[in-house]
Amino acid sequence: MTHAAELPPAVSQALQEAGIPSRSVALFVQSVDGGPALLSHNARQAMNPASVMKLLTTYAGLELLGPAHTWRSEALAEASPAGGRLDGNLYLRGSGDPKLGLEQFWLLLRQLRARGLSEIGGDLVLDRSAFALPPHDPGEFDNEALRPYNAGPDALLLNFKSIRLVLQADPTGKEVRVIAETPSEGLQISNRLSLGREACGDWHEQVRPAVSGLTIELSGSFPAACGEKALQLSPWPADVQVEGLFRALWRELGGSFGGRVRAGRAPASARTLAVHASPALGEIVRDINKYSNNVMARQLFLSLDSERPATTDGARRQIAGWLQAKGLKLPELVLDNGSGLSRSERISAEGLGQLLRAAWQSPVMPELIASLPIAGVDGTLQKRFNTGAATGRAHLKSGYLDGVRAIAGYLLDQSGKRWIVVCMINDPKARLGKPAIDALLLWLAKR
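Only a predicted model underlies this, so the values are computations on that prediction, with no experimental measurement involved.

Quick notes on the rules
Residues numbered from 1 in each chain as written. Predicted model: local features only at pLDDT ≥ 70, side-chain atom pairs only at ≥ 80, totals over all residues. Heavy atoms only, no water. Pairing = 2+ DSSP bridges. Helix = DSSP H or I, 4+ residues; strand = E, 2+ residues; numbered from the N terminus. Axes fitted to C-alpha atoms, helices over the stretch in contact; angles between N-to-C directions. 1 Å grid on protein atoms, 1.4 Å probe; cavity = no way out; pocket = protein on both sides within 12 Å on 5 of 7 lines; lining within 4 Å. Points joined across faces, edges and corners; volume = space filled by probe spheres on them. Nonpolar A, V, L, I, M, F, W, Y, C, P; charged D, E, K, R; others polar. Disulfide = S-S within 2.5 Å. Contact = heavy atoms within 4.5 Å. Phe/Tyr/Trp six-rings, centres within 6.5 Å; stacked < 30°, edge-to-face > 60°. Buried < 20%, exposed > 50% of the residue type's maximum accessible area, 1.4 Å probe, protein only. Lys NZ or Arg CZ within 6 Å of the ring centre and 35° of its normal.

### Digging into the sheet that holds strand β9 (residues 176-180)
The 3 strands are arranged β9-β8-β13 in an open sheet whose pairing can be described as antiparallel. Each of the sheet's edge strands pairs with one partner strand only, and the pair in question is β9 and β13 (228-233). Strand-to-strand twist in this sheet, taken as the mean axis angle between neighbours without regard to direction, amounts to 25 degrees.

Below, the structure is given as structure tokens:
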């Protein structure tokens, strides 16, 4: 452990100006080739890493499942359609695909139409049996139940359980137009937005959505300076969301359906009518890390359980066994859901450093590093570090929660040496810690 005085001077100064004590900060810097740590401060202290925990989940996924792993979403029936009509139920069975979006679901349904199915005589039965999960409260974490990042994992996750609304400031400066881009049968928009005259800023906080049945009411104001913005919402329980999307798309495709949409299981005798395979995991981890997608991370985390139905405890056991097999001892590790959107998850800076060094030596190293945001270039770091010595020279995962700021990954210094760098701040003033983290990376990049 170092003392605050031994930290790089610019880092110490930034922490002091932010009012963050050195005991609230954990740092670890080491060459990817190993050897003594260049910097180690509170490095074995258990810290909340926020979204930096996705490094563990994605690395474990790449090694345990393999970069070519895909998820299957299937449409099944007990009898073959005849004359364009299916007399029984249509079953939709998911396997936990993290990226079964609107377009992919449309393609799955189009396969059914291309094979001659036009009329479904029975019900649409949603089979989520690949996962066994307790009830999920989307508002538990931060009371923002309508925000898509709070959606729970789901074996039949469809379009991230969200809809996309586009808000447009009328060029005449009189009103706000709302366009529902995600089709959903029965959706009604009650637009009570006023046009604001202030700067665009954090416009999300000025728009107040509320949900009643299939009606979404938008009140508050939308600044004219914003022009056009997309508002993503997760307004309904999963079955309601799937039903609205299915009915709208199936009708658009020329199909008819008069049954109910309900939860259930596909019988063993059901045969597959159409299949959609997800992108390979090597591509999926890019979305998870580049854009810090919590819902996709949770889907991957559960998929690590080799048993079916998969459980959170089973995923934790798989990761524990994997770490043990790799000789990685992380006694401070606490896993909740693998996404970092948690108040209980913990890991140490040195533990993350060990993990990143093992990843550097792993066959899946190229896939993992390519999934990380590039400083000043893309992903969650596109607008950060875009001037200075670190620009384009670091692949880093960042994390941010109330009371937490963190960053971890790899940085290439100006002499051509590559470093593992980890910094975590757990403090009520952590939101002010960005300059200290930036100072650390700049100090390292200039070596």
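### Some details on empty space enclosed by the protein
The final tally for this structure, using the stated rule, is 2 cavities of 30 Å³ or more. Approximately 50 Å³ is the volume found for the largest cavity. Along the walls of the largest cavity sit Ser73, Leu92, Leu100, Phe105, Leu108, Leu156, Leu158 and Val242, which together make up its complete lining. Its residues assigned to classes, the lining of the largest cavity comprises 7 nonpolar, 1 polar and no charged. The space that makes up the second largest cavity amounts to roughly 30 Å³. Along its surface, the second largest cavity is lined by Ser162, Ile163, Thr182, Pro183, Ser184, Trp236, Gln241, Gly244 and Leu245. When grouped by side-chain class, the residues that make up the lining of the second largest cavity number 4 nonpolar, 5 polar and no charged.

### A short note on the state of the cysteines
Applying the stated rule across the entire model yields 1 disulfide. Across a sulfur-sulfur distance of 2.0 Å, cysteine 200 and cysteine 226 are joined as a disulfide pair. Taking the torsion about the sulfur-sulfur bond, which here is approximately 105 degrees, the covalent link between cysteine 200 and cysteine 226 counts as right-handed. Placement of cysteine 200 in the loop between β10 (188-196) and β11 (207-212) and of cysteine 226 in the loop between β12 (215-223) and β13 is noted, with a sequence separation of 26 residues between them.

### Concerning the sheet that holds strand β16 (residues 271-277)
If you walk across this open sheet you meet the 5 strands as β15-β7-β5-β3-β16, and the pairing is mixed. Across the chains shown, the open sheet's two edge strands, defined by having one partner strand only, are β15 (261-263) and β16. Strand after strand, the sheet turns through a mean of 20 degrees between neighbouring axes, direction not considered. In this sheet, β16 lies alongside strand β3 (residues 72-77) in antiparallel orientation, the contact comprising 6 bridges. Paired with alanine 75 across the two strands is alanine 274, which belongs to β16. Contacts from helix α3 (residues 102-114) reach β3, β5 (90-93) and β16 within the one sheet, and its direction differs from that of β16 by about 150 degrees. Contacting β7 (124-127) and β15, helix α4 (residues 238-252) crosses the sheet at an angle of about 145 degrees to β15.

### A short note on the layout of surface pockets
Rolled over the atoms, a probe with the dimensions of a water molecule shows which regions are left empty. One number sums up the size of the largest pocket: a volume of about 1,500 Å³. Along the walls of the largest pocket sit 43 residues, with Tyr149, Gln232, Tyr291, Ser292 and Asn294 positioned nearest its centre. Among the elements of the structure, α3, β13, α6 (294-303), β17 (394-401), β18 (404-412) and α10 (434-445) are those that each provide at least two residues to the lining of the largest pocket. The element contributing the most residues to the lining of the largest pocket is β17, with 5 residues.

### Describing the packing of aromatic side chains
Applying the stated criterion to the full structure yields 5 aromatic pairs. Relative to tryptophan 250, the ring of phenylalanine 246 has its centre 6.0 Å away and its plane inclined at 15 degrees; by these criteria the two rings are stacked. Within this pair, phenylalanine 246 and its partner tryptophan 250 are both found in helix α4, separated by 4 residues, close to a single helical turn. The exposure class of phenylalanine 246 is buried, given its relative accessible area of 0%. Site record: aromatic cluster; members linked through ring pairs are Phe246, Trp250 and Phe257. Positioned over the ring face of tryptophan 419 is lysine 417, at 5.2 Å from the centre of the ring. We note arginine 447 situated over the ring of tryptophan 443; from NZ or CZ to the ring centre the distance is 5.9 Å.

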